[in-house]
Amino acid sequence: MINFDGTCYEEFSDVPNQLIDYFSKLPIHTHYFLAFDTKLIQLEANYFSIMAALRRSRVIIPMKYSLEYFQDQAELIIDNNKAAKYSLILIQFYRNNIPTKQVPICECSFYMQNFEVEWKNKAISLTLYKDHSILGGAYSNLFQTNALLRKLAEVFAFENGFEACLLINNEKKIVESTRGAVFLIFDNKIYTSPLSSGVVNSVSRKLLISFISKNNSFKMIEEEIPVFNLQRADEIFLFSFQHGLTKVIKFRKKEYSVMKSKTIEGLFFEDLRNQF
């Protein structure tokens, strides 16, 4: 089922042409929710993240866009099949009109769709994408800014026989991956790139950082990550709602353990489930 701005349709062919015209433009913002048993995880954090991105996108935000409204809209399309506990909700926002000098700011509409969670537990090997770089700064913290670059890097990884790819910024520091935020484990310390590097300021990243920071077994550190630190790390894992927690077993000639990554994965998702 597809939700176009509050109206649900069973098939894409049922959507009126006027709505299709809205959503044929490039999205101004893309956001992923994770739902458990039909309830959106960290709804408030997701809501404020969306509102902040829309304000920065220079659009008129409809008054109906309340926290409760998005919960209701998501529940309309979430498959209530108890055999599949987790649901991934994609929501994309579009301008209703092309900006002009006379009307530079217009209202926006959204498209929402539910997907089955297809997280793969297989540990992967990584490569590094160096053809183009992310510009460090606040604008890169928005998901949409470097979406095409992440897709290009993903194609590069697949072409070269890898499952995912790391991206660097204009200062040659690690920013993120094609499967989400990057985390490096050194003994009991876990490092991830700061927002100033250009990493997407996603709710999934913030939740995992918050969880690790509260765990007495690890110390969470946000600081710039030089490429050579990848060779020194004990473990590496990637995380996003879209792909789940991905363990890394190899980068170039360096091979990694996955034991601590597995522990973090189990504890983190147990914590998410216990929120309901």
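Residues numbered from 1 in each chain as written. Predicted model: local features only at pLDDT ≥ 70, side-chain atom pairs only at ≥ 80, totals over all residues. Heavy atoms only, no water.

### A closer look at the nonpolar core
Now for step 1: Among the nonpolar cores identified, the biggest contains 36 residues, and Phe183 and Leu208 are the most heavily contacted of them.
Now for step 2: Within the residue set of this core, elements represented by two or more residues are β1 (2–4), α1 (17–22), β3 (29–36), β5 (86–95), β10 (181–186), α5 (203–214), β14 (235–240) and α6 (259–273).
Now for step 3: Membership of the second largest hydrophobic core comes to 22 residues, among which are Met51, Tyr69, Phe110 and Met112. (Core = buried A, V, L, I, M, F, W, Y, C linked by side-chain atoms within 4.5 Å. Buried < 20%, exposed > 50% of the residue type's maximum accessible area, 1.4 Å probe, protein only. Helix = DSSP H or I, 4+ residues; strand = E, 2+ residues; numbered from the N terminus.)

### A look at the pattern of salt bridges
Now for step 1: Using the criterion set out here, one finds seven salt bridges in the structure.
Now for step 2: Among the salt bridges present, the one from glutamate 163 reaches lysine 122, with a minimum N-O distance of 3.8 Å. You can see glutamate 163 sitting in the loop between α4 (147–159) and β8 (164–169) and its partner lysine 122 sitting in the loop between β6 (108–116) and β7 (124–134), a full 41 residues away along the chain.
Now for step 3: The exposure class assigned to glutamate 163 is partly exposed, which follows from its relative accessible area of 23%.
Now for step 4: Judged by its relative accessible area of 58%, lysine 122 falls in the exposed class.
Now for step 5: Between glutamate 265 and lysine 247 there is a salt bridge, with its nearest N and O atoms 2.8 Å apart. Taken together, the positions of glutamate 265 in helix α6 and lysine 247 in strand β15 (residues 244–251) put the pair 18 residues apart, joining distant regions of the chain. Of the two residues, glutamate 265 and lysine 247, neither departs from the other in class, the shared state being buried. (Salt bridge = Lys/Arg side-chain N within 4 Å of Asp/Glu carboxyl O.)

### Thoughts on the packing of aromatic side chains
Now for step 1: Tallying each qualifying case throughout the model produces 26 aromatic pairs.
Now for step 2: Pairing phenylalanine 4 with tyrosine 111 gives two aromatic rings, centres 5.3 Å apart and planes at 55°, and the pair type is tilted. Here phenylalanine 4 is found in strand β1, whereas its partner tyrosine 111 is found in strand β6, with 107 residues between them in sequence. Judged on exposure class, the residue phenylalanine 4 and its partner tyrosine 111 are both buried.
Now for step 3: Their ring planes at 80° and their centres at 6.2 Å tell us that tyrosine 69 and phenylalanine 110 sit as a pair that is edge-to-face. In this pair, tyrosine 69 sits in helix α3 (residues 67–77) while phenylalanine 110 sits in strand β6, placing the two residues 41 residues apart along the sequence. Each member of the pair tyrosine 69 and phenylalanine 110 is classed as buried.
Now for step 4: Through a chain of ring-to-ring contacts, three or more aromatic side chains come together here, namely Phe36, Tyr86, Trp119, Phe211, Phe239, Phe241, Phe268 and Phe269.
Now for step 5: In this structure, arginine 150 packs its charged tip against the face of phenylalanine 143, placed 4.5 Å from the ring centre. (Phe/Tyr/Trp six-rings, centres within 6.5 Å; stacked < 30°, edge-to-face > 60°. Lys NZ or Arg CZ within 6 Å of the ring centre and 35° of its normal.)

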